[in-house]
Amino acid sequence: MGLAILLGLFALLTVIGAPVAFALGMAAIAAFFYEGLPLMIGFQRIVSGVSTFSLLAIPFFIFAGELMLHGGIAARLIRLASASVGWMRGGLGQVNVFSSMLFGGISGSAVADTSALGSLLIPVMKEKGYDDDYAVNVTVTSSIAGIMIPPSHNMILYVVAAGGGMSVASLFVAGIVPGILMCLLLAFAARTIAIRKNFPTEPFAGLKAIFISFVASIPGLITAIIVVGGALSGVFTVTESGAIGAIYAILITALVYRTLSLKDFWVAVVRSVRTTGLVMVLVGCASAFGYMLALYEVPKLLAHALTSLSDNPIVILLLMNLILLVLGMIMDMAALILICTPIFLPVAVGLGMDPIQFGIMLMMNLGLGLCTPPVGGCLFVGCAIGNVPIEKAVKSIWPFYLAILAALMLVTFVPAISLTLPNWLNP
């Protein structure tokens, strides 16, 4: 009965439109009341949930990403991508994917990627004769690179939800190859559609233009090297890397590029504070909710349910992927990381999957949910920028879904894709 109250109230509040953090908190409090537990324990769980030191890196990463977003870095990365791959058939589609791959390693946010690159590329693609739904779809799906390619604050949430027993830096590095693989498959899908629909090409800018645009992009690209390299080498902790990355972002955008105005700086500060506040409230309430899930032995029950359906690890992993995909369609990504990690991670580890590999699988699964209605944040942002009805975009987005699903299956069943690089750099 207590578990029914916990899950039922959470589902009810989510359906009627309550913020996910409040739905988690209210459901946990109701379960505490039913079990007769002191509410002080609930508040202690909320406070302890946000008192983890590694969470301090999240506001720094968010702030650095906002500074890069408003400081003109995206425009320079687009110029580099355009000079490099814009000459292909449907070149602007390739530019979109390549730009997302580069910008994802700086912003660490799929929604920021969609907003920044979509605002610049979608209008240009429509003007050049590309279908409006194609422009939106390639922008939205490639934005998942912001989750996969480090730095990503969602990966920090995963490490915290997993109990902090793994290196954030190793998880960062593990996302590089899967992120690039996913972008290559998306680029193939974009090119295939462009050839079939005979979308226009751009003239080759020449090697000199590529070199000039690359040099102009170097200061921005170094941000990801500082964050990941510093943490992996042991020179900085992940939190220190985030702080240094934010300081470096200020120096680059304000003093080197000189594109960060005082107004843009203020907007970056306000957006960072608001996003950090939302994340921290969500983490605290999810901690109390997770406490009750553990009390009701939900992880053990789910593991038993999955293993009772089949004893084949492949079937269980496919079922796990299916559940995560469905949940990603209807819930916020950060909340799902905090809720699903304690539930599914023990099952995955029991099947012999490395926690780092599971983390990458989880990121890609839930990232796909950002592109899928009814709660796809990236899809809504992209459609708003492109002025395209969501129904129209969804009808033609399936080739890009297939590309992401192919990458997801490879990540799920080929451990080397996720683990080779972190094992090589940090044996």
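Per an unreviewed UniProt entry, the protein goes by the name TRAP transporter large permease protein and belongs to Marinomonas mediterranea. Quoted verbatim from the Subcellular location (unreviewed entry) field of the UniProt record, the comment on the protein reads "Cell inner membrane".

1. With respect to unusual backbone geometry
Residues other than glycine seldom take positive phi values, yet R258 does so here, at roughly 55 degrees. Tracing the sequence through the fold places R258 in the loop between helix 14 (238–256) and helix 15 (262–295). R258 sits in the exposed class, given a relative accessible area of 70%. Positive phi, close to 55 degrees, is recorded for N387, a residue that is not glycine.

2. Brief notes about the packing of aromatic side chains
Taken as a whole, this structure holds five aromatic pairs when the rule is applied. Ring geometry for F10 versus F289: centroids 5.3 Å apart, planes at 50 degrees, classification tilted. You can see F10 sitting in helix 1 (residues 2–15) and its partner F289 sitting in helix 15, a full 279 residues away along the chain. Comparing F10 with F289, the two get one shared label, buried. Ring centres 6.2 Å apart and planes at 55 degrees place the aromatic pair Y134 and F400 in the tilted group. Here Y134, found in helix 8 (residues 132–142), pairs with F400, found in helix 22 (residues 398–413); they are 266 residues apart in sequence, far enough to count as distant. Look at Y134 and you get buried, because its relative accessible area is 3%.

3. Concerning helix 18 (residues 333–350)
With 18 residues, helix 18 should cover 26 Å at 1.5 Å per step; its first-to-last C-alpha distance of 24 Å lies within 8% of that length. T341 marks the point of greatest bend in helix 18, at about 50 degrees, and the proline P342 comes within the next four residues. For helix 18, a buried count of 14 out of 18 residues is recorded, marking the element as mostly surrounded by other parts of the structure. Backbone geometry just after helix 18 places G352 at a positive phi near 95 degrees.

4. Quick notes on helix 4 (residues 57–70)
Here helix 4 contains 14 residues, and its C-alpha end-to-end distance of 20 Å stays within 8% of the 20 Å for a straight helix at 1.5 Å per residue. In terms of residue burial, helix 4 counts as a mostly covered element, since 11 of its 14 residues are buried. Taken together, the buried positions of helix 4 are occupied by A57, I58, F61, I62, F63, A64, G65, E66, L67, M68 and L69. Once helix 4 ends, the next one or two residues include G72, with phi positive near 90 degrees.

5. Describing the packing of helix 12 (residues 176–197) against helix 22
It is at 9 Å that the axes of helix 12 and helix 22 come closest, and there the two elements cross at 150 degrees. Judged by the inter-axis angle, helix 12 sits roughly antiparallel to helix 22. Here the hand of the crossing between helix 12 and helix 22 comes out right-handed. Together, P178, L181, M182, L185, L186, A189, A190 and I193 of helix 12 and P399, F400, A403, I404, A406, A407, L410 and V411 of helix 22 make up the contact between the two elements. The class makeup of the residues in the contact of helix 12 with helix 22 is 16 nonpolar, no polar and no charged.

6. As for the environment of N96
Turning to its location among the elements, N96 is positioned in helix 6 (residues 91–107). A relative accessible area of 0% places N96 in the buried class. For the pair formed by N96 and I343, sequence separation is 247 residues and the distance between their alpha carbons is 36 Å. Not counting the four nearest positions on each side in its chain, N96 is found in contact with L121, M125, A135, V138, T139 and S142.

7. A word on the pattern of salt bridges
As enumerated under the stated definition, the model contains two salt bridges in all. Notably, a salt bridge pairs K392 with D132, separated by 3.0 Å at the nearest N-O pair. Here K392 is found in helix 21 (residues 390–396), whereas its partner D132 is found in helix 8, with 260 residues between them in sequence.

8. Brief notes about the nonpolar core
In this structure, L24, Y158, M320 and F358 are the most contacted members of the largest nonpolar core, which totals 111 residues. Looking at this core, the element that brings in the most residues is helix 18, giving 13 residues. In this view, L24 contacts F10, L282, C285, A286, F289, A335 and I339; residues no more than four positions away in its chain are not counted. Among the nonpolar cores identified, the runner-up in size contains 16 residues, and A64, L80, Y257 and A268 belong to it.

Definitions and cut-offs
- Residues numbered from 1 in each chain as written.
- Predicted model: local features only at pLDDT ≥ 70, side-chain atom pairs only at ≥ 80, totals over all residues.
- Heavy atoms only, no water.
- UniProt positions renumbered as here; feature names shortened; annotations may be inferred.
- Helix = DSSP H or I, 4+ residues; strand = E, 2+ residues; numbered from the N terminus.
- Buried < 20%, exposed > 50% of the residue type's maximum accessible area, 1.4 Å probe, protein only.
- Phe/Tyr/Trp six-rings, centres within 6.5 Å; stacked < 30°, edge-to-face > 60°.
- Expected span 1.5 Å × (residues − 1).
- Bend = angle between axes of the 7 residues up to and from the residue.
- Axes fitted to C-alpha atoms, helices over the stretch in contact; angles between N-to-C directions.
- Parallel < 35°, antiparallel > 145°, perpendicular 65-115°, else oblique.
- Left-handed = near helix turned anticlockwise from the far one by under 90°.
- Contact = heavy atoms within 4.5 Å.
- Nonpolar A, V, L, I, M, F, W, Y, C, P; charged D, E, K, R; others polar.
- Salt bridge = Lys/Arg side-chain N within 4 Å of Asp/Glu carboxyl O.
- Core = buried A, V, L, I, M, F, W, Y, C linked by side-chain atoms within 4.5 Å.

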